[in-house]
Amino acid sequence: MSTSPIQPEQTSIQQKDPLTPNVEDLYLESYAFTTAAAIVGSVDRKIFVVLRDGRNVFGILRTFDQFANLVLQDTIERIYLETEEAQESVPKRFAETYRGVFMIRGENVVMMGELDIDKEDDHLQEWQQIPFPEAEKELTASQAAKIKEQKLKSKNLLTKGLISDFAPSDLY
Amino acid sequence: MLPLYLLTAAKNQPILVELKNGETINGQLVNCDSWMNLTLKDVIQSSPHGDEFLKISECYIKGIHIKYLRLPEQLMDQAKEQNLQNMEQRNRNNQKRRGQSSNPNANSNASANANSNNSNSAPQRQQ
Amino acid sequence: MLFFSFFKTLVDQEVTVELKNDIEIKGTLKSVDQFLNLKLDNISCANESKYPHLKSVKNLFIRGSTVRYVHMNANSVDCTLLQDASRREAMVQAQTSK
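Residues numbered from 1 in each chain as written. Chains lettered and ligands numbered in written order. Predicted model: local features only at pLDDT ≥ 70, side-chain atom pairs only at ≥ 80, totals over all residues. Heavy atoms only, no water.

Draft legend 1. Seen up close, the overall build of chain A. Within chain A one finds three helices and six strands. Across chain A, helices and strands are ordered from the amino to the carboxyl terminus as α-α-β-β-β-β-β-β-α. Counting over 172 residues, chain A shows a buried share of 44%. Taking contacts inside chain A between residues at least 6 apart in sequence as the whole, the part at least 24 apart equals 54%. Carbon together with sulfur atoms contributes 52% to the accessible area of chain A, which is approximately 9,300 Å² in total. (Helix = DSSP H or I, 4+ residues; strand = E, 2+ residues; numbered from the N terminus. Buried < 20%, exposed > 50% of the residue type's maximum accessible area, 1.4 Å probe, protein only. Contact = heavy atoms within 4.5 Å. Areas by Shrake-Rupley, 256 points an atom, 1.4 Å probe, with all protein chains shown as cover.)

Draft legend 2. How the structure looks around the confidence of the model for chain C. All names here are of chain C. Looking at chain C as a whole, its pLDDT mean stands at 92, while 100% of the residues score no less than 70. In the model of chain C, strand E4 (residues 57-62) stands out as the element of lowest mean pLDDT, 91, in contrast to strand E1 (residues 14-19), which has the highest, 96. Model confidence for the complex: the whole-complex pTM is 0.81, and ipTM, which rates the interface, is 0.89. (pLDDT = per-residue confidence, 0-100.)

Draft legend 3. Main features of the side chain of Arg99(A). Within the secondary structure, Arg99(A) sits in strand E4 (residues 92-104). In this structure Arg99(A) comes out as buried when scored by relative accessible area, which is 14%. Sequence-distant contacts of Arg99(A), that is, excluding residues within four places in its chain, are made with Arg55(A), Thr75(A), Ile76(A), Glu77(A), Phe132(A) and Arg70(B).

Draft legend 4. Fine view of the interface of chain A and chain C. Each partner contributes residues to the interface: chain A has 30 residues there, and chain C has 29 residues. Both sides together, the interface formed by chain A and chain C hides about 2,600 Å², and carbon and sulfur atoms give 60% of it. Area buried by chain A at its contact with chain C is led by Phe33(A), Met111(A) and Tyr172(A), which between them contribute 28% of it. Taken together, the links from chain A to chain C amount to one salt bridge. Across the contact surface, chain A and chain C share nine residue pairs in polar contact (both at pLDDT 80 or more). For the side of chain A that touches chain C, the leading source of residues is strand E5 (residues 109-115) of chain A, giving seven residues. The class makeup of the residues in the side of chain A that touches chain C is 17 nonpolar, six polar and seven charged. In terms of strand pairing, E5(A) meets E4(C) through four bridges, oriented antiparallel. Along E4(C), the bridge assignment pairs Met111(A) with Ile62(C). (Buried area = accessible area lost by both parts, 1.4 Å probe. Salt bridge = Lys/Arg side-chain N within 4 Å of Asp/Glu carboxyl O. Polar contact = N/O pair within 3.5 Å; in protein donor to acceptor, adjacent residues only side chain to side chain. Nonpolar A, V, L, I, M, F, W, Y, C, P; charged D, E, K, R; others polar. Pairing = 2+ DSSP bridges.)

Draft legend 5. Broad picture of the state of the cysteines. Tallying each qualifying case throughout the model produces zero disulfides over all chains. Free cysteine: Cys59(B), not disulfide-bonded; nearest cysteine sulfur from Cys32(B) at 14 Å. (Disulfide = S-S within 2.5 Å.)

Draft legend 6. Here's a closer look at unusual backbone geometry. At Asp74(A), a position not held by glycine, the phi torsion is positive, near 55°. In this fold, Asp74(A) is placed in strand E3 (residues 70-81).

Draft legend 7. Here's a closer look at the pairing of strand E1 (residues 14-19) of chain B. All names here are of chain B. Burial within E1 is extensive, with five of its six residues counted as buried. Following E1, the chain reverses through four residues before pairing antiparallel with strand E2 (residues 24-32); glycine 22 in that reversal takes a positive phi of roughly 95°. The pairing of E1 with strand E5 (residues 66-71) spans four bridges and is classified as antiparallel. Residue glutamate 18 lies in a different strand from E5, and its bridge partner there is tyrosine 68.

Draft legend 8. View of the side chain of Arg78(A). Following the sequence through the fold, Arg78(A) ends up in strand E3. Here Arg78(A) is in contact with Asn56(A), Phe58(A), Phe94(A), Ala95(A), Glu96(A), Asp121(A), His123(A) and Leu124(A), once residues within four sequence places are set aside.

Draft legend 9. Local environment of the UniProt feature "domain: Sm" (unreviewed entry) in chain C. UniProt records the feature "domain: Sm" (unreviewed entry) for residues 2-76 of chain C in the present numbering. Annotated as 11% helix and 47% strand, the span residues 2-76 of chain C places its first and last C-alpha atoms 16 Å apart. (UniProt positions renumbered as here; feature names shortened; annotations may be inferred.)

Draft legend 10. The packing of aromatic side chains, seen in detail. Considering all chains together, one arrives at four aromatic pairs over all chains under this definition. With a centroid separation of 5.7 Å and an interplanar angle of 50°, the aromatic rings of Phe6(C) and Phe7(C) are classed as tilted. By the burial criterion, Phe6(C) is buried, and Phe7(C) matches it. Members of the aromatic cluster, each reached through a chain of ring pairs, are Phe3(C), Phe6(C) and Phe7(C). The side chain of Arg78(A) reaches across the aromatic face of Phe58(A), ending 4.2 Å from its centre. Here Lys8(C) stacks its cationic end above the ring of Phe4(C), 4.2 Å away from the centre of that ring. (Phe/Tyr/Trp six-rings, centres within 6.5 Å; stacked < 30°, edge-to-face > 60°. Lys NZ or Arg CZ within 6 Å of the ring centre and 35° of its normal.)

Draft legend 11. Layout of the pattern of salt bridges. Under the counting rule described, the total for this entry stands at 23 salt bridges over all chains. With its nearest N and O atoms 3.8 Å apart, the salt bridge here joins Glu114(A) to Lys58(C). Here Glu114(A), found in strand E5, pairs with Lys58(C), found in strand E4, and the two come from separate chains. Its relative accessible area of 41% is what places Lys58(C) among the partly exposed residues. One salt-bridge network, in which partners are shared between bridges, spans Asp53(A), Arg55(A), Glu77(A), Arg99(A), Glu18(B) and Lys67(B).

Draft legend 12. Focus on helix H2 (residues 74-98) of chain B. With 25 residues, H2(B) extends 36 Å from end C-alpha to end C-alpha; this agrees with the ideal 36 Å at 1.5 Å per step. Gly99(B) sits one or two residues past H2(B) and shows a positive phi near 70°. (Expected span 1.5 Å × (residues − 1).)

The structure is reproduced here in structure tokens:
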């Protein structure tokens, strides 16, 4: 290991402090178009992750790797119960539960993004919080209904010679 | 510190694994490898809807079937401590090898390296 | 590689990504990688009720395997260049498979 500071290859980029190189800049300059470069900026920030099974997970991103495996700390899982029609009388409901340290395998991620911590709970003002087990039950019921519907659809499409790429594990 | 490194640090600790099919496996992590294949002991396996439970003494999980893992809270701090200690140990060894006797250099090197390694997955360009 | 290079030319353009679950997300393409994972800035989501938390989101990383379509401005695409690149790619493929 050399004791000299790490110098980015393109010296046209301004260098704030040569002794403590900014890891993000290193990635962005020479590894610009990689998975890691896209994720490194979000480390130690509050992020949300949508998983392939439809879960919404919120936590502080601690580490990640080239497969986009993520490790989140202080994670909470939130269920938003979808409302079909925008009715004023029916309150939109959500539920939360604490999950602690969460390691997500990269292939199960649909999308992830940085949250603005000042605004992250704003949208919850219009939503009513309900206990998690209740929300979970309702969610699994609606997912089962959706799966049934999709399977029927796939069957119908097949009779017409069309293939449907529905996977019952992808409920996002 | 990469996720798989954290997982290795979780050996002998209780973890929860949820598989892609929704089954949850609760047990003590015995071993893991770079493909996230795991061996667990004193395992309780639950079905996707939590209606059936199985007690298994030893269990092997293929990494490709994992959706996510839940690890103990204190693991993060423990692992970071360990990492820091390993880094400092390595730096001390390197300095002994290079025969550097000046202390200020040693301190700034250790802290600079600790800093660059705490922000993860830094490309190992120091060769 | 071809579409990876193509997306690189689209960086800083506004695109709309349609996912396989029919959700549309508009944003500025900031980064792409070899798996065609996309990074978008300045998000706005057409179907707000599905992901209500997206309102407070600054940037988004979308896994390539979940994308169905990417809509872009027709002006930002050079079709002749694309055709040329495709032909070259096809020739390379033909040679490597021999």
